[in-house]
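Residues per chain are reported as follows:
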There are 2 protein chains.
Amino acid sequence: MNSKDRLSALRRAPGIVRIHGHRGARGIMPENTMAGFRFALACGVKVLECDVQFARDHTPVITHNARLSPDAVRGADGQWVDGPGPLVHGIGPDELATFDAGGLRAGTRYAGRFPDQAFLSLEPIPSLDDLAALLARGEHDDVWLNLEIKSSPHRPEASPPIADMVAAVVAVIRANGLERRTLAQCFDWRVLVEMRRQAPGVALSFLTALAGDAGHGGDAGNDEDAGNDEDAGHDEDAGNDEDNIYPDSPWLAGLATGRRDEDLPRAIADAGAQAWSPHFADLTRAQLERAHALGLIVNVWTVNAPRDIDRMIELGADGIITDYPGRVQRRLRARGMGWV
Amino acid sequence: MNSKDRLSALRRAPGIVRIHGHRGARGIMPENTMAGFRFALACGVKVLECDVQFARDHTPVITHNARLSPDAVRGADGQWVDGPGPLVHGIGPDELATFDAGGLRAGTRYAGRFPDQAFLSLEPIPSLDDLAALLARGEHDDVWLNLEIKSSPHRPEASPPIADMVAAVVAVIRANGLERRTLAQCFDWRVLVEMRRQAPGVALSFLTALAGDAGHGGDAGNDEDAGNDEDAGHDEDAGNDEDNIYPDSPWLAGLATGRRDEDLPRAIADAGAQAWSPHFADLTRAQLERAHALGLIVNVWTVNAPRDIDRMIELGADGIITDYPGRVQRRLRARGMGWV
């Protein structure tokens, strides 16, 4: 299998748009849990997106925030974690496995955003190895991992040194034979540069979120993701603002200027990436065409509203990262389209 | 375990309302499929509701309509079934197993009602034995089956003689050791009378749907279920109107008059039932209290809108039959309540 064949599973094809199950399927099942990943697989989703943080000993674990969220994590005693929550990187893997990530805390703004998400109990924070081992099974050998490594130049205390975090991820991916069907995405482009060095077989996707009024944060129609990804009201105190495209941004590893007039697809392609993951509200048709002309796969995040799903299908995105994979399947079916 | 202990799993308790996964979890996964039942179990749902029709040789199979629906069933060739669809009871079990019930047909009114339902392929119509065997496993030994037997006095050609259909169901339930955790519900009360005779260990729930302007069909706020359960626009041509409460109704086996002023809970209790399943929009507080005073469990169907879920929790229903089990879990959690 050559590189081109391999990546075709992520590219748009006639009548086909790829569905990436965001954190499994956050709209329906608790995010970043094995129950959520199993559900997405049962739906026929062929790309599982997840977030990786690091335990104290550098074990990669699947959870979104640098700190365990008081909105979504209970302790071994069943009580919600106290705010702001302990730093994941300060906890050993054995202790981390005692927390329960199976449900959202009633009354929080975050819980209000996912009213159909099932409430489970005794659902642990998985290690990356737990998920990789599931995908290593023969029955899932056509499934890709879209692995978002969480790293921030503003929070070096929240993760191992970059070379160490990449080495820890690569070790798990290689041990499970997933190097050829892993896409690593990151807002912190320094991590992707290091990934290219350590594991050239892993495909890279550069995440972007435009800061300021012109970006998705200023899109009045995008109230669900006001300000930044899904973290509005969720983890604000942890400084989890990942807008990374602005002048002199430390996120870009010197590979781009972050200026408004920049040819962002060009910078990403020149960095050796196979893919680009812009916030869906940031993407223009001209940029998408530019990215495709440069051979980049374009995966948009996080697309949940039917009108936004429709718009991304029409625009021509390769992949749609969504909390509601069933909903995207149905929007595609309504056009006589599919996802595999 | 005595009878009282056994039924307590279905009764409301302080802080607890039971969730019945309707056809599995029709809002999220294809109805009456093993994928749907597995999903409901993964959510922690402890009562699985399903519909039983009968193959030509009387094998009980899990599907809702008397005829395979052109909106929801594909043939072995992947093509949608032609309307009005073949009678299930006219098809042998081997041929029945070749149909695909994994998705809804885009553009139909029925598909439009469940926009988040995943679209699967090669998902067969299960036999009742398939589901019973799953629930017979030790890990699911606290799960009940709420088994709706589809029978209509207006369509005798669509099912075996009543004694035969009950015998076929009882054989499967007994073979899998589920007699003590099966609740049989039916609009056609003749079937329940026969069930009581053949298998007194099976709990009975009398389904009711009030015909006419005073019933749920005339409830302007209940547009999702206009006229009758979920079948509006779905299977109209099959005459699948199951409103069964009206004077001289042939559905009631002479156990009730069907008059407006009737003490319906009394008639149901006198018939030896353990439970009553009214359409949620038909239920009044006075009737609910009357049913509870008579020892009946009250399970309302099919409750999907958040405001209706809230109202049924407040009213005091024992069980909520829903297409969205996660949503009901979350409405309960918002009140500090649970479902087990």
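Residues numbered from 1 in each chain as written. Chains lettered and ligands numbered in written order. Predicted model: local features only at pLDDT ≥ 70, side-chain atom pairs only at ≥ 80, totals over all residues. Heavy atoms only, no water.

1. Structural notes on the overall build of chain A
- The secondary structure content of chain A amounts to eleven helices and nine strands.
- Each of the three principal axes of chain A carries a C-alpha extent, and together these read 55 × 45 × 45 Å.
- Going through the 340 residues of chain A one by one, you find that 63% of them count as buried.
- A fraction of 65% describes how many contacts in chain A between residues 6 or more apart in sequence connect residues 24 or more apart.
- Treating the 36 positive side-chain charges of chain A as one cloud and the 50 negative ones as another, the clouds have centres 7 Å apart. (Helix = DSSP H or I, 4+ residues; strand = E, 2+ residues; numbered from the N terminus. Buried < 20%, exposed > 50% of the residue type's maximum accessible area, 1.4 Å probe, protein only. Contact = heavy atoms within 4.5 Å. Lys, Arg positive; Asp, Glu negative; His and termini not counted. Charge placed at Lys NZ, Arg CZ, Asp CG, Glu CD.)

2. Thoughts on the interface of chain B and chain A
- Contacts between the two partners involve 25 residues from chain B and, on the opposite side, 25 residues from chain A.
- Summing the contributions of chain B and of chain A, the shared interface buries around 2,000 Å²; its carbon and sulfur component is 56%.
- On the chain B side of the interface with chain A, the three residues burying the most area are Asp116(B), Phe119(B) and Arg330(B), jointly 34% of the side's total.
- Across the contact surface, chain B and chain A share two salt bridges.
- Asp116(B) serves as the salt-bridge partner of Arg327(A), at 2.6 Å between the closest nitrogen and oxygen.
- Ranked by the residues each element gives to the side of chain B that touches chain A, the list is headed by helix α11 (residues 325-333) of chain B, at five residues.
- A breakdown of the residues in the side of chain B that touches chain A according to their chemical character gives 17 nonpolar, four polar and four charged. (Buried area = accessible area lost by both parts, 1.4 Å probe. Salt bridge = Lys/Arg side-chain N within 4 Å of Asp/Glu carboxyl O. Nonpolar A, V, L, I, M, F, W, Y, C, P; charged D, E, K, R; others polar.)

3. Quick notes on the pattern of salt bridges
Residues and elements named next belong to chain A.
- This model, assessed by the stated rule, comprises 38 salt bridges over all chains.
- Linking Arg74 and Asp100 is a salt bridge whose minimum nitrogen-to-oxygen distance equals 3.6 Å. Of the two residues, Arg74 is situated in the loop between β3 (60-62) and α3 (93-96) and Asp100 in the loop between α3 and α4 (109-112); the sequence distance between them amounts to 26 residues.
- In this structure, Asp310 and Arg331 form a salt bridge, with 2.9 Å as the shortest nitrogen-oxygen distance. On the criterion of sequence distance, the pair formed by Asp310 in helix α10 (residues 306-315) and Arg331 in helix α11 (residues 325-333) is long-range, its members being 21 residues apart.
- Overall, Arg331 belongs to the partly exposed group, its relative accessible area being 30%.
- One network of salt bridges, in which partners are shared, links Asp310, Glu314, Arg331 and Arg335.

4. A look at the layout of surface pockets
- What the largest pocket holds in volume is close to 1,100 Å³.
- Lining the largest pocket are 44 residues, with Arg38(A), Arg38(B), Phe39(B), Leu41(B) and Ala42(B) positioned closest to its centre.
- Broken down by secondary-structure element, the contributors of at least two residues to the lining of the largest pocket are α2 (34-42) of chain A together with α2 (34-42) and α5 (128-136) of chain B.
- Residue composition of the lining of the largest pocket, grouped by class: 25 nonpolar, six polar and 13 charged. (1 Å grid on protein atoms, 1.4 Å probe; cavity = no way out; pocket = protein on both sides within 12 Å on 5 of 7 lines; lining within 4 Å. Points joined across faces, edges and corners; volume = space filled by probe spheres on them.)

5. Quick notes on the confidence of the model for chain A
- When the pLDDT values of chain A are averaged, the result is 92; 90% of them are 70 or greater.
- Reported confidences for the modelled complex are a pTM of 0.94 and an ipTM of 0.93. (pLDDT = per-residue confidence, 0-100.)

6. Points about the packing of aromatic side chains
- For the structure shown, the criterion picks out eleven aromatic pairs over all chains.
- Considering the side-chain rings of Trp339(A) and Phe119(B), the 6.4 Å spacing of their centres and the 80° angle between planes classify their relative orientation as edge-to-face. Here Phe119(B) lies in the loop between α4 (109-112) and α5 and Trp339(A) lies in the segment after α11, a pairing that spans two chains. Grouping residues by exposure puts Trp339(A) and Phe119(B) together as buried.
- When the ring of Phe187(B) is compared with that of Trp301(B), the centres are 5.5 Å apart and the planes differ by 85°; the resulting orientation is edge-to-face. Separated by 114 residues along the polypeptide, Phe187(B) in the loop between β5 (182-186) and α7 (189-198) and Trp301(B) in the loop between β8 (297-300) and α10 (306-315) bring together distant segments of the chain.
- Note on Phe187(B): relative accessible area 3%, which makes it buried. (Phe/Tyr/Trp six-rings, centres within 6.5 Å; stacked < 30°, edge-to-face > 60°.)

7. Considerations on the packing of α2(A) against helix α5 (residues 128-136) of chain A
Residues and elements named next belong to chain A.
- One way to put it is that α2 packs onto α5 with a least axis distance of 11 Å and a crossing angle of 25°. Put simply, α2 runs roughly parallel to α5. Judged by the twist between their axes, the crossing of α2 over α5 is right-handed. Two secondary-structure elements touch here, α2 through Met34, Phe37, Arg38 and Leu41 and α5 through Asp130, Leu131, Leu134 and Leu135.
- Residue composition of the contact of α2 with α5, grouped by class: six nonpolar, no polar and two charged. (Axes fitted to C-alpha atoms, helices over the stretch in contact; angles between N-to-C directions. Parallel < 35°, antiparallel > 145°, perpendicular 65-115°, else oblique. Left-handed = near helix turned anticlockwise from the far one by under 90°.)

8. Regarding the pairing of strand β1 (residues 18-21) of chain B
Residue and element names in this part refer to chain B.
- Across the two faces of β1 the burial is the same, with Arg18 and His20 and Ile19 and Gly21 all buried.
- Note: β1 against strand β2 (residues 47-54), two bridges, orientation parallel. By the bridge assignment for β2, Gly21 is matched with Leu48. (Pairing = 2+ DSSP bridges.)

9. Thoughts on the environment of Asp77(A)
All names here are of chain A.
- Its place among the elements puts Asp77 in the loop between β3 and α3.
- Here Asp77 falls in the exposed class, since its relative accessible area comes to 58%.
- As a C-alpha pair, Asp77 and Asp100 span 23 residues in sequence and 9.5 Å in three-dimensional space.
- At 3.0 Å, the side chain of Asp77 and the backbone nitrogen of Gln79 are in polar contact. (Polar contact = N/O pair within 3.5 Å; in protein donor to acceptor, adjacent residues only side chain to side chain.)

10. Looking at unusual backbone geometry
- Between Gly83(A) and Pro84(A) the backbone carries a cis peptide bond, its omega angle lying at -5°.
- Here Asn32(B), not a glycine, exhibits a phi torsion of approximately 50°, which is positive.
- If you trace the backbone, Asn32(B) turns up in the loop between β1 and α2.
- Non-glycine residue Ala253(B) carries a positive phi angle of around 55°.
- You can see Ala253(B) is positioned in the loop between β6 (203-208) and α8 (264-270).

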